[in-house]
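# Commentary on secondary and tertiary structure
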Amino acid sequence: MRKFLAATVLASSTLGLGINNFGMLAEAQEDVRYGGTIRSILVEGNQRIEARTVQSYLLLEPGDPFDPERIDLSLKTLFATNLFADVSIDRRGDDLLIQVVENPIINRVIFEGNRALRDDKLREEVQAAPRGVFTAARVQADVQRILELYRRSGRFAAKVEPQYKPLAQNRVDLIFEITEGPTTGVRAINFIGNKAYSDSRLRSEIVTRQSRLWRFFSSNDNYDANRLEFDREKLREFYQNNGYYDFRVVSAVAEMTPDQRDFYITYTVDEGRQYDFGTIRVETALEKLDADVLRSVVPIQEGQLFRGSLIEATIDSLTYAAGIAGYAFVDVRPQVSVNEQTGRIDITFAIDEGPRVYIERINIVGNTQTLDRVIRRELRISEGDAFNRILLDRSRNRVRALGFFKNVEITETPSEQPDRTIVELKVEEQSTGELSFAAGFSSVDAYLFDLSASQRNLRGRGQSVVARTSLSSRQQVVDLRFTEPRFLDRNLSAGVEMFATRQDFEEFTGFKSETIGGGLRMAFPLSDRMQMGLSYRLQSDDVNITDRNIIIDENGNLLRTIVQIAGQDTPDDPFDDLFREPRPEDVGPGEFLVDICDPAYLFRDTICRSERNDISSIIGYSLFLDRTNDPISPTRGFDLRFSQDIAGIGGDVRYIRTEAGLSFYRGIWRDVVASARFAGGYVHTLDEQQGVRINNRFFRGGSTFRGFDVAGLGPREILRIFDPNTGEIVDTRRLNSLGGNAYYQGTFELTVPNFIPEEYGIRSAVFVDVGSLGLLSDVDKGDPIFITDPAILGLGDLNAVRLTKDSLSLRASAGLSVFWDSPFGPIRFDFSQIIRREEYDRTETFRFSTSTRF
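Procedures and definitions
- Residues numbered from 1 in each chain as written.
- Predicted model: local features only at pLDDT ≥ 70, side-chain atom pairs only at ≥ 80, totals over all residues.
- Heavy atoms only, no water.
- Helix = DSSP H or I, 4+ residues; strand = E, 2+ residues; numbered from the N terminus.
- Contact = heavy atoms within 4.5 Å.
- Phe/Tyr/Trp six-rings, centres within 6.5 Å; stacked < 30°, edge-to-face > 60°.
- Buried < 20%, exposed > 50% of the residue type's maximum accessible area, 1.4 Å probe, protein only.
- Lys NZ or Arg CZ within 6 Å of the ring centre and 35° of its normal.
- Pairing = 2+ DSSP bridges.
- Axes fitted to C-alpha atoms, helices over the stretch in contact; angles between N-to-C directions.
- Expected span 1.5 Å × (residues − 1).

### Some words on the environment of Phe 349
Within the element layout of this structure, Phe 349 appears in strand β13 (residues 344–353). Taking the C-alpha atoms as reference, Phe 349 lies 8.1 Å from Ile 315; in sequence the two are 34 residues apart. Discounting chain neighbours no more than four positions away, the residues touching Phe 349 are Ile 280, Arg 281, Val 282, Glu 283, Ile 300, Ile 311, Thr 314, Ile 315, Leu 318, Val 332, Arg 333 and Pro 334.

Set out below in C-alpha cells:
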C-alpha cells in the first residue's frame, strides 16, 4: 500500500509536465500559428470518459486556426474539471491531439483507528465517496475536515494519514488512517476583571467545565473553540440579566499546557456599572391599539433591576397582544436611553404596523423517516398565506406534540421578492420505535418484568402500534393497541385496543381482579386548542375476595375466626400463644366452617358484594383544552380535562363515572417551574341495591398521592379493640381499604435546581399534595359488628367492634421527588412527610418506583 504523499507528488509532477509540454507546444505553435487550420481533434488515453466529453471542454473546434491562447485556455479548463491527473495538447500534422491521464475512481472510503467517532459520523463530514473522483486536493480537504471534527470533540492531538490502494480498472480504495490521541481537557478556567461575581459563580454560568474525575459522563470538560464563543455569549447574557448593561468580554484566550494535554482558558471582562429600569413607555399610532392597555402587558416595572431578557419578553408580549387585536404584522422597536449618572435605563417601545409579508414556500428539513404530509397537516399556516408569528409558534408546538422529534425549529429567510419570505421548519428525528426488556424492583410492585414493542411513527405515517407485556408481583398486563391519527384522511384519529389485566392487591384491599376486554376510540378537534374523544369498551371483570375460613353457628352468627394451637396451659403468659385459621377438624356439633363471604354468614363484609363476574359495556367521552405555551414542557398557561364513562348500555354493571382536572404552569426562573394541579372525580351507581363494585371505585395513594401507601387513604374497615369494663381503646387494626366514590386532590409542585449536569438526566421537585377520598354509599358500608366472645379473635377479656370509617376530611403531605432518566428506564424517588391524616390511613415516608414509557 503506497503512502498518499506519493500521489500528491505525482499529481504535482504531472501538472508541471503538462504545463511544460504546453510551453514547448506554445513555442512551436508560435512558429506555425498562421500555418493552417485544425482538421480534427483526437483524444488519447481516456478510459471511461468519452472523447466527445473531453472535446466539449475545449474552446476549439475542427476548422478553427491553431490559436495558442485558446489552446492555453482549453488546457486550463480540462485541468479544472478534476477529472484528469495529467493533460497535454500537441499538434500532429493538421490534427489537434489531446492526451489525458484520468483520475482514479474511488471504490471504497475506509476509516481505520477511529473509536471515539463512528464511521457514519465521519462519512457525513468528508466529501470523498464511492464512485467519486479521486484527487489530491479533495482528499487533503477531507483530512482537514476530519481533524476539525476531532478538535470539536476535544481531541487536538488527532492525526489523519490518507492512503490509497490501487485496484483494477483505474479504481482505488481510499483509506484514512486515524490516530485519535487523548482527549484534550480544560485544566483551569480563570477570569480577570470580575468584581461583582466570583470565578466559581461565573464558571457555573458557562457551558465549558474544568476537567475533573467525576465528570467522566460529560463532554463539556473537553476544549472546544466553538463552545468558547458560545460561553462568551452566556457570560454577556448572565451579566445583562443582572443589571450590567455595559458588560463586555474583552478577550477569551485558550493556552495549551506544557504537556500538550489540556488548555488554560482565561476570560478578561469589563463589568461596567449596574443599572435599574427607569421610565417604561409604550407608543403606537395604530387605531386599534391602546398604549395604556399595552403597557399593562409589559413585564417590566420602574426601579426593577435591569434584565436584558425582559426586553425580549416584552417584544414577544406586545407582538402577541397586537396579533390578538388583528395586527399580524407589527414592528416593535425598543428605544434605549442610558443615564450613567442616575444608573437608570429608560425604554420606549414604539409599535408600528410592519410591511405585509407572505409565505413563498415552507421547506421541511431533517425528516429522514417521517413523511412530509405528516408534518404539514399539523401546520396552522400554508404557503401563500400572510406571515403570522402566532400561527407559526402554534404550528411548532403542534409538531413538537407529535413526539417524533427531539428538536423543532422554525426560521425565516428572505426571498428574492421583498414581500415574500421562505419558512424553514427544521426537525431532528428521534427514535420512535422501541423493543425493550426491563427487570427491576419497586417498593410498590416488588419485582418488575417488562417486555414491550412499540412504534409511535409506523412507516413514517404517524401511526402508533403497541404490544406490551408487563409482570410484577401485584399486576400482570397484556396490552395491544393501534392508532391511526388521520382516519379516512380526515382530521380524526381512531384506534382499537385489546387488553387483559390481573391485579392482586389483597394486602391493601382484600381482593383480586381479572379483566379481559377490548375497545374502540376516536378523537377530533373542536377548535385549535380543544379536542374531544369518544370511546367504547366491552370487558369482563372477575373480582375475587380473599378466602378466609371462619366458624359460624346454625343461625349464621360468628363463633371463631382463629384457633389456638399453643399456650393454653399458660393463660397468664400471652407471649407463647399461637393461633391459626380454622380447619374442618376444628368444627364441633352445630357449627359450620364457611368462607368469610359465604351468604350463610349473617355479618359478612360489605366488600363481599363485589365478588362476582360481570360484563361491563362502557361508553365514554372526554374533553381536553390546552392553553399552555408548550405541549411537552409547559412554563406558562393551563390545561383542562373532563371525562365521563357511562356503564349500563348492555352488560351487568350500571354507573356513571366522572373525572375532571385543571393544571396551571408558571415559569419563575430558567428551569424553575411552578405548577398547580387540581383533580376530582365521582362515581354514581345507577343500581342503588348493588352499589358500586370495589373495582370501579377510586383509590388514591402511592404514586397518585405521595406520602400515603397504595390505597392508603380513604374509607377502610377497622377493628377497634377495647376494654369492656373501662371503655378504653386498647388497639386499632387497619383492615381492608374499600376505595371511595368521590375524591378531590390538589398538587403543588416546584422544580428546583440540583446542580447536577443536565446530561445525567436527574431532575428534582418539591411538592405538596392535599385532598381526600371517600363518600361511600350506605349499602357499601355495612353496620358495625360487635365481637364480645373472647374465643372469636383470641382477645382474652377484651371486646372488639368492626366498623367502616369514611371521611372526606383533608389529608396533606409534602416532600421531595427525584426523577432519573437512567439507562435502565425512568426511576422515581419520593421522600414524603405527612402533614395531616386520619388514624386509619396507611402512610409511608419513602417510595422507589420504575416504569417503562411508551
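Moving on, there is more to tell.
### Description of the packing of aromatic side chains
Within this structure, the stated rule accounts for 20 aromatic pairs. A ring pair is formed by Phe 698 and Tyr 743, whose centres lie 4.9 Å apart and whose planes are at 65°; its orientation type is edge-to-face. With Phe 698 in the loop between β32 (672–685) and β33 (716–722) and Tyr 743 in strand β35 (residues 742–752), the pair connects residues that are 45 residues apart, well separated along the chain. As far as the burial class goes, Phe 698 and Tyr 743 line up, both buried. What links up through ring pairs into an aromatic cluster is the set Tyr 197, Phe 238, Tyr 239, Tyr 244 and Phe 247. Positioned above the aromatic ring of Phe 66, the side-chain terminus of Arg 91 is 3.8 Å from the ring centre. Of note, Arg 700 hangs over the ring of Tyr 743, and the distance from its end group to the ring centre comes to 4.4 Å.

### Let's talk about the sheet that holds strand β16 (residues 420–429)
On the basis of which strands lie adjacent, the open sheet formed by three strands has the order β14-β16-β15 and mixed pairing. The two strands at the open ends of the sheet, each matched to only one other strand, are β14 (358–365) and β15 (405–414). Taking the axes of each pair of neighbouring strands and ignoring which way they run, one obtains an average angle of 20° across the sheet. Sheet topology places β15 next to β16; nine bridges connect them, and they run antiparallel. Bridging across to β16, Phe 405 finds its partner in Glu 429. Along the sheet, helix α11 (residues 389–401) makes contact with β15 and β16, crossing β15 at roughly 155°.

### Quick notes on the side chain of Asn 241
Checked against the element boundaries, Asn 241 lands in the loop between α7 (225–240) and β9 (248–256). When its relative accessible area of 12% is taken as the criterion, Asn 241 is described as buried. With sequence-adjacent residues up to four places away left out, Asn 241 is seen in contact with Phe 306, Arg 307, Gly 308 and Ser 309.

### What about α7?
Taking 1.5 Å per residue as the helical rise, α7 with its 16 residues ought to reach 22 Å, and the 23 Å between its terminal C-alpha atoms agrees with that figure. Along α7, the residues classified as buried are Arg 227, Leu 228, Asp 231, Leu 235, Phe 238, Tyr 239 and Gln 240.

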